[in-house]
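Listed below are the residues making up each chain.
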Amino acid sequence: MIDRCVESEQRWGREDEMHETERHRIILSAVQDRPVVTVVDLCRLTGASEATMRRDIASLHVQKKLRRVRGGAEAITPPQFVGLAGRPFAVNETMRSLEKRAIARAAVDLCEDGDPIIINGGTTTFQMVHPLASRRCQVFTNSFPIAEHLLKHSKNTIMLSGGAIYREQNIILSPFDNDVTRNFYARRMFIGAQGIGPLGLMETDPLLIQAEQKLIGQADELVVLVDSSKFEQRCSLVLCPLSRIDTVITDDGISDKAAAMLKAAEITLIVADTGAAQAEDEAAS
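Residues numbered from 1 in each chain as written. Predicted model: local features only at pLDDT ≥ 70, side-chain atom pairs only at ≥ 80, totals over all residues. Heavy atoms only, no water.

**Some details on the environment of Glu 148**
Phase 1 of the analysis: Mapped onto the elements of the fold, Glu 148 is located in helix 8 (residues 144-153).
Phase 2 of the analysis: Along the primary structure Glu 148 and Ile 158 are separated by 10 residues, whereas in three dimensions their C-alpha atoms are 9.1 Å apart. (Helix = DSSP H or I, 4+ residues; strand = E, 2+ residues; numbered from the N terminus.)

Listed below in structure tokens is the structure:
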């Protein structure tokens, strides 16, 4: 019995250590992406408490892997290339994955072979690659993982935007007007967002806003893929007003208030079947 208790303690110790290692990786990545990262920012990125973040920062400061500052941390060597605000792709990918798969499947149901479409980078839009494997669309994307997966596992025609690669978000962005974006017409653009509310779609980074607005201008219809939690999120920057959105695809967790907001704005609402995605998972396991 004692041996089992010791073994259990050791196992939990290893799991906690792995969790701490992952948090440290995210913290160090964040401080390399921007001049100063606050404790609050790091709590959002990792899902950990402020007390845990302060302990992690203190530990990494002692190891000389970063510099502790009032209210947060900064890199020992300041970054030369500042990244984007928001959670990394690898972190977002693990959140509400069942809902994202259901939403993505409903999005692909709108596509027909031969359609020119734009798929904006993001973890919800990335889930479109699996049902798209059986289609033959013309896909323009600023997402490295979307392009790579479709090239390997489908017969869709793929075009990538030009610009700098932002590793944490796995997207390609260009601040210039004369990039290849202006030469692609799309029947629909599929896009995710950090939040959606009465003012419209919301994002956290000005460069992201600039690049996405260019893409939106190239599509006849704008289809927004957001899980129901995004209706509660508010960000400091508005990407586009509700009047520009044609369709919103979300999960069955959407509130009556959010549904009424979309109806008042004359936006088509599609509620994805999360039960089908769950059944798929159970069949695969």
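**Here we look at the sheet that holds strand 3 (residues 72-74)**
Note on sheets: strands pair through backbone hydrogen bonds, and any given pair is parallel or antiparallel.
Phase 1 of the analysis: In space, the three strands of this open sheet follow the order 1-3-2, with antiparallel pairing throughout. For this open sheet the edge positions go to strand 1 (36-38) and strand 2 (67-69), each flanked by a neighbour on one side alone. Within the sheet, the average angular offset between the axes of one strand and its neighbour, ignoring direction, is 30°.
Phase 2 of the analysis: Summarising the sheet, strand 2 and strand 3 pair through three bridges and their orientation is antiparallel. From the neighbouring strand, Val 69 faces strand 3, where its bridge partner is Gly 72.
Phase 3 of the analysis: On top of the sheet, helix 2 (residues 39-46) reaches strand 1 and strand 3; it is set at about 70° to strand 1, its chief contact. (Pairing = 2+ DSSP bridges. Axes fitted to C-alpha atoms, helices over the stretch in contact; angles between N-to-C directions. Contact = heavy atoms within 4.5 Å.)

**Topic: the nonpolar core**
Phase 1 of the analysis: Core analysis: the biggest nonpolar cluster contains 27 residues, and Ile 196, Leu 201, Phe 231, Ile 245 and Val 248 have the highest contact counts within it.
Phase 2 of the analysis: For this core, the elements supplying multiple residues, two or more each, are strand 9 (186-191), helix 9 (206-216), strand 12 (219-225), strand 13 (237-240) and helix 10 (256-264).
Phase 3 of the analysis: In contact with Leu 201, not counting residues within four places along its chain, are Ile 191, Ala 193, Gly 195, Ile 196, Val 224, Leu 237, Val 238, Leu 239, Cys 240 and Ile 245.
Phase 4 of the analysis: Counting 22 residues, the second-largest nonpolar core is a separate cluster that includes Ala 107, Cys 111, Met 128 and Ile 146. (Core = buried A, V, L, I, M, F, W, Y, C linked by side-chain atoms within 4.5 Å. Buried < 20%, exposed > 50% of the residue type's maximum accessible area, 1.4 Å probe, protein only.)

**Structural notes on the packing of helix 2 against helix 3 (residues 50-62)**
Phase 1 of the analysis: At a minimum axis separation of 9 Å, helix 2 and helix 3 run at an interaxial angle of 105°. With respect to their mutual orientation, helix 2 and helix 3 come out roughly perpendicular. Each of Val 39, Val 40, Leu 42, Cys 43 and Thr 46 in helix 2 lies in contact with helix 3, whose residues at this interface are Glu 50, Met 53, Arg 54 and Ile 57.
Phase 2 of the analysis: Residue composition of the contact of helix 2 with helix 3, grouped by class: six nonpolar, one polar and two charged. (Parallel < 35°, antiparallel > 145°, perpendicular 65-115°, else oblique. Nonpolar A, V, L, I, M, F, W, Y, C, P; charged D, E, K, R; others polar.)

**Digging into the sheet that holds strand 11 (residues 200-203)**
Phase 1 of the analysis: Strand order in this open sheet of three strands is 10-11-13, and the pairing throughout is antiparallel. A strand with exactly one partner marks an edge of an open sheet, and here the two such strands are strand 10 (195-197) and strand 13. Between one strand axis and the next, the sheet turns through 40° on average, direction left out of account.
Phase 2 of the analysis: Direction of pairing for strand 10 relative to strand 11: antiparallel, over a ladder of three bridges. Along strand 11, the bridge assignment pairs Gly 197 with Gly 200.
Phase 3 of the analysis: The strands touched by helix 9 within the sheet are strand 11 and strand 13, with strand 13 carrying the most contacts at an inclination of about 10°.

Function-wise, these values are silent; they only describe arrangement.
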